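Notes for the structure review
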Amino acid sequence: MDISIVVPLYNEAESLPELTDWIRRVMQANNFSYEIVLVDDGSKDNSWQIIQDLKKSHEQITGIKFRRNYGKSAALNVGFAATQGDVVITMDADLQDSPDEIPELYDRIKNQGADLVSGWKKKRYDPLTKTIPTKLFNAVTRSVSGIDNLHDFNCGLKAYKKDVVKSIEVYGEMHRYIPVIAKWAGFSEIQEQVVQHFPRKYGTTKFGPGRFVKGFLDLMSIFFVGKFGKRPMHFFGPIGVMSFLLGFGITIYLICEKLISIAAGTTYRNVTDQPLFYLSLLAIMIGTQLFLTGFIAELVSRNSSERNKYHIEQVV
């Protein structure tokens, strides 16, 4: 199969028929063998009924329905697991992404050696309350990740080599940083393509202001897991040792100061009467705890079996 198209959706009943017809026209015009994986993330409208009706006349459609809303990352992760195509395309269901971009995205992956191609909506039709924070987060992500050739990490329109989607894991709110996850997984050919962005035709956006806080926290998680996920002691250990040695050094200093004062016959304060002594104890305790945290993290090493378990109600 040439292409798998993964479409996560939540309450997008109005746009689904138009989107799938548009995709079918593009696929037929380019003679692609393809599938469309529609992942219903617990919609409250009749999106699932629409998917079932579309399946009857469009055999390339596969529908997956979550029992409740888990989020876009969960929908993408399950969609990736279900794909069979050599190239995987993701796009949003709100008709703001154009299926006409698919042939060029496919060519970049199949014939030009890219592992991942991320869309860049150079001209956006979003309000300033969305575009300004997005630019800020993209700048921070470029700085933290070292992927300095991407302008829009969170664009829903992306193309992947099959090996990429079968090698990465997306959870939490980390769909925003899939290029970063792919880079940490060893896929270095990450490119960008300017794509069209259309105004929303149906419904309203499903993401509120809270997504920026969650996005920042997930960026920090990706940075830590990518850099120290296999060796957490390398992060906690040095900080813990430095804190312990600082506290221990201050304690030795205070004891030596008292002994020198006794030997010289001058006035002195007891070590335990000095605030610096308690700060040194605190530093020793923190250092010990950080070191033990690193040791325990080494043992655990991200082996949670429930992190990416979702209840699927139905598949068609």
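Put simply, helix α1 (residues 16–29) and helix α2 (residues 47–57) touch, their axes get as near as 10 Å, and they point 35 degrees apart. Where α1 crosses over α2, the handedness of that crossing is right-handed. Residues Leu-16, Pro-17, Thr-20 and Arg-24 of α1 form the contact with α2, whose participating residues are Ser-47, Ile-50, Ile-51, Leu-54 and Ser-57. The residue inventory of the contact of α1 with α2, partitioned by class, reads five nonpolar, three polar and one charged.

By the criterion of burial, helix α3 (residues 72–82) is predominantly enclosed, with nine of the eleven residues buried. Residues of α3 that are buried: Lys-72, Ser-73, Ala-74, Ala-75, Leu-76, Asn-77, Val-78, Gly-79 and Phe-80.

Right, let's talk about the environment of Ile-168 for a bit. By the element assignment, Ile-168 lies in the loop between α6 (162–167) and α7 (178–184). Its relative accessible area of 8% is what places Ile-168 among the buried residues. Remark: the alpha-carbon pair of Ile-168 and Ile-181, spanning 13 residues in sequence, is separated by 6.8 Å.

Membership of the largest hydrophobic core comes to 35 residues, with the highest contact counts inside it found for Ile-3, Ile-5, Met-27 and Ile-89. Put simply, the parts of the chain that give this core at least two residues each are β1 (3–9), α1, β2 (34–40), α2, β4 (87–90) and α4 (102–110). Broken down by element, the residue count for this core peaks at six residues, all from α1. Excluding its chain neighbours within four sequence positions, the residues that come into contact with Ile-5 are Ile-23, Met-27, Glu-35, Ile-36, Val-37, Ile-89, Met-91 and Ile-102. Ile-64, Leu-76, Tyr-160 and Ile-168 belong to the second largest nonpolar core, which has 31 residues in total.

About the cut-offs
Residues numbered from 1 in each chain as written. Predicted model: local features only at pLDDT ≥ 70, side-chain atom pairs only at ≥ 80, totals over all residues. Heavy atoms only, no water. Axes fitted to C-alpha atoms, helices over the stretch in contact; angles between N-to-C directions. Helix = DSSP H or I, 4+ residues; strand = E, 2+ residues; numbered from the N terminus. Left-handed = near helix turned anticlockwise from the far one by under 90°. Contact = heavy atoms within 4.5 Å. Nonpolar A, V, L, I, M, F, W, Y, C, P; charged D, E, K, R; others polar. Buried < 20%, exposed > 50% of the residue type's maximum accessible area, 1.4 Å probe, protein only. Core = buried A, V, L, I, M, F, W, Y, C linked by side-chain atoms within 4.5 Å.

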